[in-house]
Amino acid sequence: VLFMDLLEDDNFRKGPEYFRGTLMLGESLLQLDNERAAKRYLRRVVKGPDEQLADKAGYLLVEMALNEDDDIALRKLAIRIPRGKTGRTSYALGKGWIRLGDPQRAISLLDQVPAGDPLFVRSRYYQGVALTALKRYEAAKEIFRELSNITEPDATLQNVRDLSVL
């Protein structure tokens, strides 16, 4: 409650830490399972001047829309946030565009996830899904073959491997 009061203070709103504090409040509300209130604050950050903070808030909003099966909110976010500044935001937006029926846009976003990023392997899987939607079966098979050779013990990566074998 004190944090909310601070963010509503006119003097703090004009200060350099306002958007960082707003993001922190949005994240805290998410941890408390208050997504409705979290969205209010995260949207403010997306509209703010700090691109890194806006990217992180955008990622959280896109993931919420994906988890809620809210295609209207997802489309609005995907239009408002045309590309990610980080691999994770590009990944989330790519998944979103697959769901919204634009696999070509999804591929261009998923291509932005760098090889060292923890979401790279999952982004490759979704690229295969998008290529399948575009009926580019040979390119999709190549990605799925590559993923079927994953040997890391990480459970998530093993799940990606298992899905790619199907």
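Treat the numbers as computed from the prediction; the structure is a model and nothing was measured.

The rules behind each value
Residues numbered from 1 in each chain as written. Predicted model: local features only at pLDDT ≥ 70, side-chain atom pairs only at ≥ 80, totals over all residues. Heavy atoms only, no water. Helix = DSSP H or I, 4+ residues; strand = E, 2+ residues; numbered from the N terminus. Buried < 20%, exposed > 50% of the residue type's maximum accessible area, 1.4 Å probe, protein only. Contact = heavy atoms within 4.5 Å. Areas by Shrake-Rupley, 256 points an atom, 1.4 Å probe, with all protein chains shown as cover. Lys, Arg positive; Asp, Glu negative; His and termini not counted. Charge placed at Lys NZ, Arg CZ, Asp CG, Glu CD. Core = buried A, V, L, I, M, F, W, Y, C linked by side-chain atoms within 4.5 Å. Phe/Tyr/Trp six-rings, centres within 6.5 Å; stacked < 30°, edge-to-face > 60°.

1. A short note on the overall build of the protein
Regarding its fold elements, the protein presents eleven helices and zero strands. Reading the protein from its N terminus to its C terminus gives the helix and strand order α-α-α-α-α-α-α-α-α-α-α. Each principal axis of the C-alpha atoms in the protein carries an extent, and together these give about 60 × 35 × 25 Å. Within the protein, the proportion of its 166 residues that are buried is 42%. Sequence separation of 24 or more characterises 45% of the internal contacts of the protein that already satisfy a separation of 6 or more. Split by element, the accessible area of the protein, about 9,700 Å² in all, is 51% carbon and sulfur. Computed over 26 positive and 25 negative side-chain charges, the inter-centroid distance for the protein is 5 Å.

2. Section: the nonpolar core
Counting residues in hydrophobic clusters, the biggest one holds 46 residues, and the most contacted among them are Leu23, Leu42, Val62 and Leu147. Here the element with the most residues in this core is helix α5 (residues 51–68); it accounts for nine residues.

3. Side note on the packing of aromatic side chains
With the rule as written, the count across this model stands at four aromatic pairs. Here tyrosine 91 and tyrosine 126 contribute two aromatic rings whose centre-to-centre distance is 5.9 Å and whose plane-to-plane angle is 70 degrees, an arrangement assigned as edge-to-face. Of the two residues, tyrosine 91 is situated in helix α7 (residues 87–99) and tyrosine 126 in helix α9 (residues 120–133); the sequence distance between them amounts to 35 residues. Residue class for tyrosine 91 comes out buried when judged on its relative accessible area of 5%. Judged by its relative accessible area of 26%, tyrosine 126 is partly exposed. Summarising the aromatic geometry, the rings of tyrosine 125 and phenylalanine 144 are spaced 5.7 Å apart at their centres and angled 50 degrees between planes, so their arrangement reads as tilted. In this pair, tyrosine 125 sits in helix α9 while phenylalanine 144 sits in helix α10 (residues 137–147), placing the two residues 19 residues apart along the sequence.

Just distances and angles here, no functional claims.
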